[in-house]
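Next come the chains, spelled out residue by residue.
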There are 2 protein chains.
Amino acid sequence: MRSDRIFNFGAGPAMLPIEVMEKAQKEFLNYNGMGASIIELSHRGQEFISVLDRCDRLIRELSGLPDNYKILYMPGGGQMQFSAVPLNLLGRMPQKKALFIESGSFTRMAREEASRYGAVKVIASSAGTDFDRIPGFDHNAIEQDASYAFITSNNTVRGTCWNKFPATGEVPLIVDATSDIFSRQMDFSQCGLVFAGLQKNLGPAGLGLVLVRDDLLEYAMPQTPRLLNYKLYSEEHSLVNTINTFAVYMLMLVLEWMVDRGGISQLQVINEIKAKTLYDVIDRSDFYQDFAQKGHRSTVNVTFSVANRSLLDVFLSEANERGLYALKGLNAYPSLRASIYNAMPLEGVQCLADFMKDFEHRYG
Amino acid sequence: MRSDRIFNFGAGPAMLPIEVMEKAQKEFLNYNGMGASIIELSHRGQEFISVLDRCDRLIRELSGLPDNYKILYMPGGGQMQFSAVPLNLLGRMPQKKALFIESGSFTRMAREEASRYGAVKVIASSAGTDFDRIPGFDHNAIEQDASYAFITSNNTVRGTCWNKFPATGEVPLIVDATSDIFSRQMDFSQCGLVFAGLQKNLGPAGLGLVLVRDDLLEYAMPQTPRLLNYKLYSEEHSLVNTINTFAVYMLMLVLEWMVDRGGISQLQVINEIKAKTLYDVIDRSDFYQDFAQKGHRSTVNVTFSVANRSLLDVFLSEANERGLYALKGLNAYPSLRASIYNAMPLEGVQCLADFMKDFEHRYG
């Protein structure tokens, strides 16, 4: 790593690949010989349209997204979709009802937002065990008159993830994949819609990526704000308003970097090694404590704690000194979290694992 | 100017000050000695909060915004406010009625969007003269039971602007100032709310700036999406979701640059000289044609045409060769537009004026 850079384990906006950052810096004043930055060019000009087209192609190449899915780039990030999803999809069925399998606080926020526009029903929840797992549920609970069923593929805060998405029959499965999109292979054909804010695996903050099956574009309610309307975004190639051009450009660079790394399957292999490296240190003694139940552990957000809580501040302070940054979790417990998205190199994870072992050796 | 940069007369996303771009490039990989880019840091961390706080202070310092106005940074740009304004403000009065003084296609879009949520009334329009002026109107038309009255301060497409905002009595005046905010002095105390997308005078695309009087935060309708709710943004210092951190950071740099330039009053002096330089060339003969009525002419979007339309392509092509970029207007007529926001240096305008005179000399 460059000596002036840290390993940033923050949950997002997160570390981006150094190769991407260096390329963006190099052409920041002069994109593609235009004599202007990409952020200074019209979103309707040929240069930017090429960037947008390239994102489309790279996403399809990397993800194997079926042809009947549209790619939309929308204002805001993941949370804006908490409103857009019900506004666009509740009208699919007359009951205007959405089902939620609640695996964390973000699923809960999505459900609260949906309740503005229709009926919501929690068919399973792991709130009772503080979201330490993906809840079990009865497939019969997927009521077939529901407009959609909603899950969060990875719980950033608690560090759990769905290993296999639930089968929901004819009810479209909606997946908030903000924290793990393109970090592991997903079967998009099983989903009606997948969305993600860019700021964890895909780029900077301020843009939402939406992958949506084209039969789901027809149900927007009349009160849907123009800039949250999927059909309009699909028809106008996401250029309904002035799009966040910088975020689209950075997304293109990140996607190119992913292709260079061998695509999602190869990134998944590395991400699993990275996660195992940390979980192995956590599991080998009682010095560290895990949080997420085994079998439900996230590959991209590793949550843990130091059994002796009085050592937490020392841990964080020593880590900072070694350039291991932003390891503090959101909550009192689990108090530590290492977010290790695609851009976190194995080297960074190894440094953290070495530090954890050394810390245990000195304080254990 | 640096020899590898063009003068970009595009309407937006637009040219940014070269000093701002160079600073952003220099610290792109390492912000403030953090060892990470500003776009890689948490929006809830101390470093980014300092950036947000500094934007607040600079906006108040530059604009003289009264203390009872809140500063909000919201997803999307100007157009997202076409939905947010009615959702937040129509409920101010039981009639849920909004008044529009229509001076261009964007006012019309704002009106169409508002009609989803309440009653709309156009009290004056210059559509009949193809928006070549700000429409005259009778002050009695400002019905005092309206929730708000809406204007667009500068028509980017047609090149007109309000010289003096209309007096609307107790009815809050809502101003879409996307294309001229902080390019000239405005009396914000006369307005209930002023909004702008950043991408013309203030930064890159993907963020909306909203300046709103604090008594107007109380009227959001129940169907208002969480991320369009003014009160929530006010209460949470715009950190309701993951904010577009890059845009906020660039805004800070642009605002600092504006202070260095002597503030809005000094920028206005320069902007008026820039506009006069171009209008003088347009007016001195019949070779060029103006479009906006005198007395209604925009200082930041100068629209014009070549009387002999067969010369248009030659004009654009020769301009491009000289590094005078993106002069094509949106419409068949006026076919040319020079957008000369704060970041366009006098030197660029002088180059364009010289080229126009030379072109006239050769083809007139």
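Let us look at the structure shown here.

Conventions adopted
Residues numbered from 1 in each chain as written. Chains lettered and ligands numbered in written order. Predicted model: local features only at pLDDT ≥ 70, side-chain atom pairs only at ≥ 80, totals over all residues. Heavy atoms only, no water. Helix = DSSP H or I, 4+ residues; strand = E, 2+ residues; numbered from the N terminus. Rg over C-alpha atoms; globule rule 2.2 N^0.38 Å. Contact = heavy atoms within 4.5 Å. Areas by Shrake-Rupley, 256 points an atom, 1.4 Å probe, with all protein chains shown as cover. Lys, Arg positive; Asp, Glu negative; His and termini not counted. Charge placed at Lys NZ, Arg CZ, Asp CG, Glu CD. Buried area = accessible area lost by both parts, 1.4 Å probe. Salt bridge = Lys/Arg side-chain N within 4 Å of Asp/Glu carboxyl O. Polar contact = N/O pair within 3.5 Å; in protein donor to acceptor, adjacent residues only side chain to side chain. Nonpolar A, V, L, I, M, F, W, Y, C, P; charged D, E, K, R; others polar. Pairing = 2+ DSSP bridges. Axes fitted to C-alpha atoms, helices over the stretch in contact; angles between N-to-C directions. Least-squares fit on C-alpha atoms with pLDDT ≥ 70 in both.

1. Focus on the overall build of chain A
In terms of helices and strands, chain A carries nine helices and 14 strands. On C-alpha atoms alone, chain A measures out to a radius of gyration of 21 Å, which is about the 21 Å that the 2.2 N^0.38 rule sets for 364 residues. Across its three principal directions, the C-alpha atoms of chain A cover 60 × 60 × 30 Å. Residue pairs in contact within chain A that sit at least 24 positions apart in sequence constitute 68% of those at least 6 positions apart. Accessible area for chain A stands at about 12,700 Å²; split by element, carbon and sulfur atoms hold 47% of it. Taken together, the 36 basic and 41 acidic charged side chains of chain A have centroids lying 2 Å from each other.

2. Section: the interface of chain B and chain A
Listed per partner, the contact involves 60 residues of chain B and 60 residues of chain A. Summed over both partners, the interface of chain B with chain A buries about 4,700 Å², with 59% contributed by carbon and sulfur atoms. Run the count over chain B and chain A and you get two salt bridges. The closest approach of N and O atoms between R5(B) and E40(A), which form a salt bridge, is 2.7 Å. Counting across the interface, chain B meets chain A through 25 residue pairs in polar contact (both at pLDDT 80 or more). Going through the elements one at a time, α1 (18-26), α3 (78-89), α4 (105-114) and α6 (245-260) of chain B are the ones with two or more residues in the side of chain B that touches chain A. Of the residues belonging to the side of chain B that touches chain A, the class tally is 30 nonpolar, 20 polar and 10 charged.

3. Remarks on the side chain of T152(B)
Residues and elements named next belong to chain B. Relative to the elements of secondary structure, T152 occurs in strand β5 (residues 148-152). Of note is the side chain of T152, whose polar atom sits 2.8 Å from the side chain of T107. Sequence-distant contacts of T152, defined by excluding residues within four places in its chain, comprise S103, F106, T107, W162 and D176.

4. Observations regarding the sheet that holds strand β12 (residues 301-306) of chain B
Note on sheets: strands pair through backbone hydrogen bonds, and any given pair is parallel or antiparallel. Residues and elements named next belong to chain B. Read across the open sheet, the three strands follow the order β11-β12-β14; overall the sheet is antiparallel. A strand with exactly one partner marks an edge of an open sheet, and here the two such strands are β11 (288-290) and β14 (336-339). Between one strand and the next, the sheet's axes are offset by a mean angle of 35 degrees, whatever the strand orientation. In the sheet, β12 pairs with β14 via four bridges, with the strands oriented antiparallel. Bridge pairing in β14 places T303 opposite R337.

5. Some words on the relation of the copies chain B and chain A
Superposition of chain B onto chain A requires a rotation of 180 degrees combined with a translation of 0.0 Å along the rotation axis, giving an RMSD of 0.0 Å. On the angle and the small slide along the axis, the relation comes out as a two-fold axis. A high fraction, 100%, of the interface residues of chain B reappear at the interface in chain A, so the copies pair face to face through one surface.

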